[in-house]
Amino acid sequence: MQSTLANRTPEKASLARWLSANRGLVGLLIFLLLFPFLLALIEGQSFGDVLANEAGRAKFMQGLLIEVFILAIYALSYDLILGVTGLLSFGHAMFFATGAYFTGIAFKSFGWGAGQTLLGLVGVAVVQALLFGIVLPRVKGITFALVTLGLASVFHIVVQASELTEWTGADVGLQGVIAPDWLNSNTARFQLYLLVLVSTFVVYLIYRRFVDSPTGRVCIAIRENEDRALMLGYNTFLFKLVALIVASLTAVLAGFFHTIHQPIVSPNVAGLGWTVAALLIILIGGVGTLSGALVGAAVFRLLEYYLDLWFGDAANFLLGAVYVIIVLFLPYGIVGTWRLRSTQIAKGRERLKKLFGLTKTIPKS
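Bear in mind that the values here come from a model prediction, so they are computed numbers and not experimental data. (Residues numbered from 1 in each chain as written. Predicted model: local features only at pLDDT ≥ 70, side-chain atom pairs only at ≥ 80, totals over all residues. Heavy atoms only, no water.)

(A) Spatial organisation of the overall build of the protein. Along the protein, the regular secondary structure elements total 16 helices and zero strands. For 365 residues, the compact-globule estimate of 2.2 N^0.38 gives 21 Å, and the C-alpha radius of gyration of the protein, at 22 Å, lies within 12% of that figure. Dimensions along the principal axes, computed over C-alpha positions, put the protein at roughly 80 × 65 × 55 Å. Expressed as a percentage of its 365 residues, the buried residues of the protein come to 45%. The contacts of the protein with a sequence gap of at least 6 include a subset with a gap of at least 24, amounting to 71%. Total accessible area on the protein is roughly 18800 Å²; 66% of this is exposed by carbon and sulfur atoms. Once the 26 positive and 18 negative side-chain charges of the protein are each reduced to a mean point, those two points are 15 Å apart. (Helix = DSSP H or I, 4+ residues; strand = E, 2+ residues; numbered from the N terminus. Rg over C-alpha atoms; globule rule 2.2 N^0.38 Å. Buried < 20%, exposed > 50% of the residue type's maximum accessible area, 1.4 Å probe, protein only. Contact = heavy atoms within 4.5 Å. Areas by Shrake-Rupley, 256 points an atom, 1.4 Å probe, with all protein chains shown as cover. Lys, Arg positive; Asp, Glu negative; His and termini not counted. Charge placed at Lys NZ, Arg CZ, Asp CG, Glu CD.)

As structure tokens, this is what we get:
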């Protein structure tokens, strides 16, 4: 008995240290778990209404937050290859779209369950990461970005081909996808909310562990100076390929949840716009911070929804203005700026003046 207690003590101490170091993250998780119930109480509804998916406002907010969590998972995958490894890709939407389309086809045409679909997605994710990895030894920088854009553009054209209408729905998208009952967003939204929420935090913790691992440290070294990493004896191609595979696995998971939550897969998910969305999210949150992907996804989606709700047609202009302000005054993103404790208000004001041509130039004599 004493031996057993002695063996458990270090584990408990380790858990206590982890909880203490991550109390903010744990607190956020607990709050989000309780949020639907708290909102239902405010609206005069019961816990039973939430569990039965009958709480109107609470159910709607769960749907909105599910979209935030899906974007967070997707943005984390992009932050790994761009912010951590330094690979600028313009074709990242292909990973997300592959997950979304494969899930829809598996459910609708093959009649697969969620487990079978996820296993299939693992294979698909590895294959498409290897496809991107083929060009890694040959190109880098903006050339790699253009090559990935080309691959994604081909995929975008393929899913819209009329010959594949039966499978992808061509221009109108893949419709009529029926998710398993226990994941159906209409009848089991709270269960889906819990699954996507927990998945988001698990993915974040795995990513944080990956970045802190020796492999992650080499990826950071590649971002900072790939030639020096090569000189130290690291096979940078393999490390970049590992990062691509991990990012691909994560992005297809986001696509999987996207199809379950919104069972109409539009060809737009394979377009450049979705890659730009991932880029915007990590720029808002902070490139290379990981937690910035979570913050950026929340700001991106909630701001988009509420500005559209309050201002209608003017929402896009206001969104653009907000993004410009963030770039000018928070150049390291929200999380990055918070960590550096540097809002750079004065520099941001100068950049804003230059943007509108308000700076005074002294003529040369």
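(B) Just the packing of aromatic side chains, in detail. Taken as a whole and judged by the stated rule, the model has 18 aromatic pairs. With a centroid separation of 5.8 Å and an interplanar angle of 50°, the aromatic rings of F31 and F35 are classed as tilted. Here F35 and F31 lie together in helix α2 (residues 23-42), a separation of four residues that amounts to about one turn. For F31, a relative accessible area of 41% translates into the label partly exposed. Between the aromatic rings of F190 and Y193, the centroid separation amounts to 6.4 Å while the plane-to-plane angle is 15°, which identifies the pairing as stacked. (Phe/Tyr/Trp six-rings, centres within 6.5 Å; stacked < 30°, edge-to-face > 60°.)

(C) Looking closely at the nonpolar core. Grouped together as the largest cluster of nonpolar side chains are 100 residues, with contacts concentrated most on F69, L76, Y193, L244, F256 and F257. The greatest single-element share of this core, amounting to 19 residues, is contributed by helix α4 (residues 56-84). Non-local contacts of F69, meaning those with residues more than four positions away in its chain, are made with L32, Y193, V196, L197 and T200. (Core = buried A, V, L, I, M, F, W, Y, C linked by side-chain atoms within 4.5 Å.)

(D) Quick peek at the side chain of S291. Looking at where S291 falls in the secondary structure, it is placed in helix α13 (residues 291-311). Of the residues examined, S291 reaches a relative accessible area of 16% and is grouped as buried. With residues up to four places along the chain from it excluded, the contact list for S291 reads Y204, V335 and R339.

(E) Main features of the side chain of R189. Tracing the sequence through the fold places R189 in helix α9 (residues 189-212). Of the side chains with opposite charge, E67 lies nearest to the buried R189, which makes no salt bridge, at 7.8 Å. Among all residues touching R189, those that are not within four sequence positions of it are N53, K59, F60, Q62, G63, I66 and N184. (Salt bridge = Lys/Arg side-chain N within 4 Å of Asp/Glu carboxyl O.)

(F) Local environment of a nonpolar patch on the surface. Together, L28, I30, F31, L34, L38, L41 and F47 line one region of the surface with nonpolar side chains, adding up to about 630 Å² of accessible area. At six residues, the largest contribution of residues to the nonpolar patch is made by α2. Residue position: L41 is located in helix α2. (Patch = residues over 30% accessible without salt bridge, like charges linked within 9 Å, V, L, I, M, F, W, Y side chains within 5 Å.)

(G) Broad picture of the layout of surface pockets. The space that makes up the largest pocket amounts to roughly 440 Å³. For the largest pocket, the lining is made up of 20 residues, of which L28, L32, F201, L294 and V295 are closest to its centre. Grouping the amino acids of the lining of the largest pocket by side-chain chemistry returns 17 nonpolar, two polar and one charged. Taken as a whole, the second largest pocket spans an internal volume of roughly 260 Å³. Taken together, 14 residues form the lining of the second largest pocket, with E67, L71, H258, W274 and R301 sitting closest to its centre. Only α4, α11 (236-261), α12 (272-285) and α13 provide two or more residues apiece to the lining of the second largest pocket. Its residues placed into classes, the lining of the second largest pocket shows seven nonpolar, four polar and three charged. (1 Å grid on protein atoms, 1.4 Å probe; cavity = no way out; pocket = protein on both sides within 12 Å on 5 of 7 lines; lining within 4 Å. Points joined across faces, edges and corners; volume = space filled by probe spheres on them. Nonpolar A, V, L, I, M, F, W, Y, C, P; charged D, E, K, R; others polar.)

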